[in-house]
Amino acid sequence: MTKKERARLVTEALNREYGTEMMTYLHHETPWQLLFATILSAQCTDDRVNQVTKDLFRKYRSVEDFANADLAELEKDIYSTGFYKNKARSLKGCARELLDRFDGEVPRTIEELTSLPGVGRKTANVIRGNIFEDPSIVVDTHVKRVSRLLGLTRETDPEKVEYDLMKVLPKDQWILYNVQAIAVGRTWCVSGRPKCDACILRECCATAAKK
């Protein structure tokens, strides 16, 4: 079975299980809120970020509010997401850059997005896919682990994993695969204790086939 053939079977199984409705786990009402929530999600669970942003986005209601925020106070507001000092600087700096360079709007291209403080390729692709619906693949720890075990890539570097997946996954599945693979990683393909016998992808998984 080629990687493309395996990828086709994987996406068909994922679509049967999860459907094809676009969604994101991070709660937001505006593009900038998703951008800031994604920055906060580094090394932090989505559930924790959603708990924090519930109050955070009531307190800071605009990009201007974040740009003008007291740094020490902002650190306290996001403390429970971890790495709060770096994240606070990123949020404040990102807000200032959005105002100064993009009229307060979230830019679209990956080059513009990754030029913002605290925004790497993963965060940029979250925005491109979920806000602008530009085909993009977000490689987090779940997506990388699941994709490697499925046999869709052998790479460990997230950017190289991204490029491998772009070669084998149908383009109209890129955004969907992000959320679906995360769900598989949380439910069956759990790190260190995969539930291969019960997994919906067992019939098309390279690792399960070896067991």
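Our structure is the block above this text.
What you see is a predicted model, and the numbers here were worked out from it, not measured in a lab.

*Asks:* How would you sum up helix 3 (residues 46–59)? Please name residues and give values.
*Replies:* Between its terminal C-alpha atoms helix 3 stretches 20 Å, which fits the 20 Å expected from 14 residues at 1.5 Å a residue. Listing the buried residues of helix 3 in full gives Asp46, Val49, Asn50, Val52, Thr53, Leu56 and Phe57. Structurally, helix 3 contributes buried residues whose contacts are with helix 2 (31–40), helix 4 (63–67), helix 5 (71–77) and helix 11 (174–187).

*Asks:* I'd like a description of the environment of Phe102, backed by residues and values.
*Replies:* Along the chain, Phe102 turns up in helix 6 (residues 84–102). By relative accessible area, which is 14% here, Phe102 ends up buried. Spatially, the C-alpha atom of Phe102 lies 9.5 Å from that of Glu112, the residues being 10 residues apart in sequence. Sequence-distant contacts of Phe102, that is, excluding residues within four places in its chain, are made with Glu97, Pro107, Glu112 and Leu116.

*Asks:* Can you lay out the nonpolar core for me, pointing to particular residues and giving the numbers?
*Replies:* Ranked by size, the top nonpolar core spans 35 residues in total, and within it Leu35, Phe36, Phe66 and Leu74 carry the most contacts. Put simply, the parts of the chain that give this core at least two residues each are helix 2, helix 3, helix 4, helix 6, helix 7 (110–113) and helix 8 (121–130). Among the elements that take part in this core, helix 2 stands out by supplying seven residues, more than any other. Sequence-distant contacts of Phe36, that is, excluding residues within four places in its chain, are made with Phe57, Phe66, Leu91, Cys94, Ala95 and Leu98. Counting 26 residues, the second-largest nonpolar core is a separate cluster that includes Ala7, Ile137, Trp174 and Trp188.

*Asks:* How would you summarise the packing of aromatic side chains if you had to cite specific residues and measurements?
*Replies:* Here the structure, examined in full by the defined rule, presents seven aromatic pairs. Consider the rings of Tyr79 and Tyr84, whose centres lie 4.7 Å apart with planes at 50°: the pair is tilted.

*Asks:* Account for the state of the cysteines, with residues named and values stated.
*Replies:* Summed over the entire model, instances satisfying the criterion amount to zero disulfides. The thiol of Cys199 is not disulfide-bonded; the next cysteine sulfur, from Cys189, is found 6.4 Å away. Distance from the sulfur of Cys205, which forms no disulfide, to the nearest cysteine sulfur (Cys196) is 6.1 Å. The class for Cys205 is buried, based on a relative accessible area of 10%.

*Asks:* So what about a positive patch on the surface? Which residues, and what values?
*Replies:* Taken together, the side chains of Lys3, Arg154, Lys167 and Lys210 define a basic patch exposed on the protein surface. As for its position among the elements, Lys167 is in helix 10 (residues 158–168). The exposed category is assigned to Lys167, whose relative accessible area is 58%.

*Asks:* Tell me what's going on with the environment of Asp77, and back it up with residues and numbers.
*Replies:* One can find Asp77 in helix 5. C-alpha separation for the pair Asp77 and Lys59, spaced 18 residues apart in sequence, amounts to 9.5 Å. Look past the residues within four positions of Asp77 in its chain and what remains in contact with it is Val52, Leu56, Lys59 and Tyr60.

*Asks:* Before we move on, can you summarise the packing of helix 2 against helix 6 with the specific residues and values?
*Replies:* Packing of helix 2 against helix 6 brings their axes to within 10 Å, and their N-to-C directions diverge by 155°. Between helix 2 and helix 6, the angle falls in the class roughly antiparallel. Crossing hand, helix 2 versus helix 6: right-handed. Mapping the contact onto sequence places Leu35, Phe36, Ile39 and Leu40 in helix 2 and Lys87, Ser90, Leu91, Cys94, Ala95 and Leu98 in helix 6.

*Asks:* An account of the side chain of Thr38 is needed here, citing residue identities and associated values.
*Replies:* Assignment of secondary structure puts Thr38 in helix 2. Here the side chain of Thr38 touches Leu34 through a polar contact of 2.6 Å, landing on its backbone oxygen.

About the thresholds
- Residues numbered from 1 in each chain as written.
- Predicted model: local features only at pLDDT ≥ 70, side-chain atom pairs only at ≥ 80, totals over all residues.
- Heavy atoms only, no water.
- Helix = DSSP H or I, 4+ residues; strand = E, 2+ residues; numbered from the N terminus.
- Expected span 1.5 Å × (residues − 1).
- Buried < 20%, exposed > 50% of the residue type's maximum accessible area, 1.4 Å probe, protein only.
- Contact = heavy atoms within 4.5 Å.
- Core = buried A, V, L, I, M, F, W, Y, C linked by side-chain atoms within 4.5 Å.
- Phe/Tyr/Trp six-rings, centres within 6.5 Å; stacked < 30°, edge-to-face > 60°.
- Disulfide = S-S within 2.5 Å.
- Patch = residues over 30% accessible without salt bridge, like charges linked within 9 Å, V, L, I, M, F, W, Y side chains within 5 Å.
- Areas by Shrake-Rupley, 256 points an atom, 1.4 Å probe, with all protein chains shown as cover.
- Salt bridge = Lys/Arg side-chain N within 4 Å of Asp/Glu carboxyl O.
- Lys, Arg positive; Asp, Glu negative; His and termini not counted.
- Charge placed at Lys NZ, Arg CZ, Asp CG, Glu CD.
- Axes fitted to C-alpha atoms, helices over the stretch in contact; angles between N-to-C directions.
- Parallel < 35°, antiparallel > 145°, perpendicular 65-115°, else oblique.
- Left-handed = near helix turned anticlockwise from the far one by under 90°.
- Polar contact = N/O pair within 3.5 Å; in protein donor to acceptor, adjacent residues only side chain to side chain.

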